[in-house]
Amino acid sequence: MESHTLSPRRRLYDKGLRAVLYFCGFLTCALLVLIIGYIFYRGIPFISWELLSTQSSYINDTIGILPNILNTLYVILLSMVIVLPLGVGAAIYLTEYATNRRLVAVIEFATETLTGIPSIIFGLVGMLFFIQLIGWQTGVLAGGLTLVVMILPTIVRTTQESLKTVPDSYREGALAMGAGKWHMVRTVVLPNAVDGIVTGCILAVGRIVGESAALLYTAGFGLVLNNFVTALESSSATLTVALYVYASERGETDIAFAIATILMLLTLVINLSANLVGRKLKKN
């Protein structure tokens with residue numbers, strides 16, 4: 001077949017589009033590097049062992065964020081322990097077992113709609129239901145359950161899409177060899193969908209770590225060091241809430257940048273750990 005070369009006009013058009021795409025990619029990376037670099041530049045000089053290992057005290061005139069770090073970990077642990085079985089289980093049912101396609105479409109539409117609701121709405125609903133209706137105190141329990149409702153659609157949708165990418169031939173081959181439905185899902189489908197499940201977990205953890213609006217109403221502003229059991233129903237500020245308090249109410253901008261730096265490093269560590277666990281699970 002005779003090869004056709006592009007006309008000069010088409011070549012110019014192609015080069016122009018390539019230049020625009022490269023510029024957009026460079027601009028995105030430059031903005032990301034600029035934002036992260038500025039936060040690190042402002043925050044790293046104010047990170048100290050005293051800041052990381054103590055709690056704030058009006059008497060001693062000291063500032064410490066150890067309670068906020070622990071509260072953030074408490075909220076992540078509580079939320080993920082509850083939402084992972086619920087989200088992954090719901091996605092497996094909708095993808096592998098549900099036969100009423102109209103009902104599945106309605107549920108999928110509902111989950112997609114929930115992902116677009118502002119987080120402050122979840123916070124208000126969580127405060128009205130868990131604190132005012134049920135009667136719990138502001139704390140990690142009310143905040144964690146509010147976040148469960150907020151991130152459940154993300155886990156369900158990402159897991160669903162990951163399960164749908166597994167070829168049907170894998171399922172048919174397992175069933176043809178005599179495997180039961182659940183055995184096929186557990187040993188064939190889930191291992192091949194683990195990347196998408198881990199991605200959903202990373203997105204969920206990232207939203208938990210960066211969430212402040214919902215936790216302002218449900219977890220509280222407390223800066224006191226508590227153990228996990230006590231923090232469940234005691235006012236417990238996470239790192240993002242503490243950042244808001246120090247930046248807007250106390251005027252401690254330097255401490256706010258230090259907390260922002262710690263948040264970014266914490267998110268990086270959690271994401272790398274999740275990727276490592278996902279690779280290990282897929283390998284096994």
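This text goes with the structure placed above it.
Report on the accompanying structure. (Residues numbered from 1 in each chain as written. Predicted model: local features only at pLDDT ≥ 70, side-chain atom pairs only at ≥ 80, totals over all residues. Heavy atoms only, no water.)

Focus: the overall build of the protein chain
Logical step 1: Along its length, the protein chain carries 13 helices and two strands.
Logical step 2: The C-alpha radius of gyration of the protein chain comes to 24 Å, more than 25% above the 19 Å expected for a compact globule of 284 residues.
Logical step 3: With respect to the principal axes defined by its C-alpha atoms, the protein chain has extents near 85 × 60 × 35 Å.
Logical step 4: For the protein chain, the proportion of its 284 residues judged to be buried stands at 39%.
Logical step 5: Accessible surface, the protein chain: about 16,500 Å² in total, of which carbon and sulfur atoms supply 68%. (Helix = DSSP H or I, 4+ residues; strand = E, 2+ residues; numbered from the N terminus. Rg over C-alpha atoms; globule rule 2.2 N^0.38 Å. Buried < 20%, exposed > 50% of the residue type's maximum accessible area, 1.4 Å probe, protein only. Areas by Shrake-Rupley, 256 points an atom, 1.4 Å probe, with all protein chains shown as cover.)

Structural notes on the environment of T154
Logical step 1: Structurally, T154 is set in helix α6 (residues 140-164).
Logical step 2: On the basis of relative accessibility, which here comes to 17%, the residue T154 falls in the buried class.
Logical step 3: Along the backbone, T154 and L203 are 49 residues apart, and their C-alpha atoms lie at a distance of 7.7 Å.
Logical step 4: Leave out the neighbours within four places in its chain, and T154 touches T115, G200, L203 and R207. (Contact = heavy atoms within 4.5 Å.)

A few points about the packing of helix α4 (residues 101-115) against α6
Logical step 1: Orientation of α4 relative to α6, taken along the N-to-C sense of each, is 130°, at an axis distance of 8 Å. Judged by the inter-axis angle, α4 sits oblique to α6. You can see that α4 and α6 cross each other, and the crossing is left-handed. Contacts from E108, T111, E112, L114 and T115 of α4 reach α6 at P153, T154, V156, R157, Q160 and K164. (Axes fitted to C-alpha atoms, helices over the stretch in contact; angles between N-to-C directions. Parallel < 35°, antiparallel > 145°, perpendicular 65-115°, else oblique. Left-handed = near helix turned anticlockwise from the far one by under 90°.)

Observations regarding the pattern of salt bridges
Logical step 1: Summed over the entire model, instances satisfying the criterion amount to nine salt bridges.
Logical step 2: One salt bridge connects R171 with E96, and the closest N-O pair in it is separated by 2.7 Å. One end of the pair, R171, is in helix α7 (residues 168-176); the other, E96, is in helix α3 (residues 66-97), with 75 residues separating them in the sequence.
Logical step 3: In this structure R171 comes out as buried when scored by relative accessible area, which is 10%.
Logical step 4: E96 gets classed as buried once you look at its relative accessible area, which sits at 9%.
Logical step 5: A salt bridge links K164 to E108; its shortest N-O distance comes to 3.3 Å. On the criterion of sequence distance, the pair formed by K164 in helix α6 and E108 in helix α4 is long-range, its members being 56 residues apart.
Logical step 6: K164 sits in the partly exposed class, given a relative accessible area of 44%. (Salt bridge = Lys/Arg side-chain N within 4 Å of Asp/Glu carboxyl O.)

Some points on the packing of aromatic side chains
Logical step 1: By the definition in use, this model includes four aromatic pairs.
Logical step 2: Between Y38 and F257, the aromatic rings sit 5.7 Å apart at their centres with planes inclined by 85°, giving edge-to-face as the arrangement. Here the residue Y38 occupies a position in helix α1 (residues 8-43), and F257 occupies one in helix α13 (residues 253-283), the gap between them amounting to 219 residues.
Logical step 3: Using a relative accessible area of 42% as the deciding quantity, one classes Y38 as partly exposed.
Logical step 4: Judged by its relative accessible area of 17%, F257 falls in the buried class.
Logical step 5: With a centroid separation of 5.1 Å and an interplanar angle of 80°, the aromatic rings of F129 and F130 are classed as edge-to-face.
Logical step 6: Residue F130 is classed as buried on the basis of its relative accessible area, which comes to 10%.
Logical step 7: Within the aromatic cluster, the residues linked to one another by ring pairs are F129, F130 and W136. (Phe/Tyr/Trp six-rings, centres within 6.5 Å; stacked < 30°, edge-to-face > 60°.)

Scope: geometric values only; no functional claims are made or implied.
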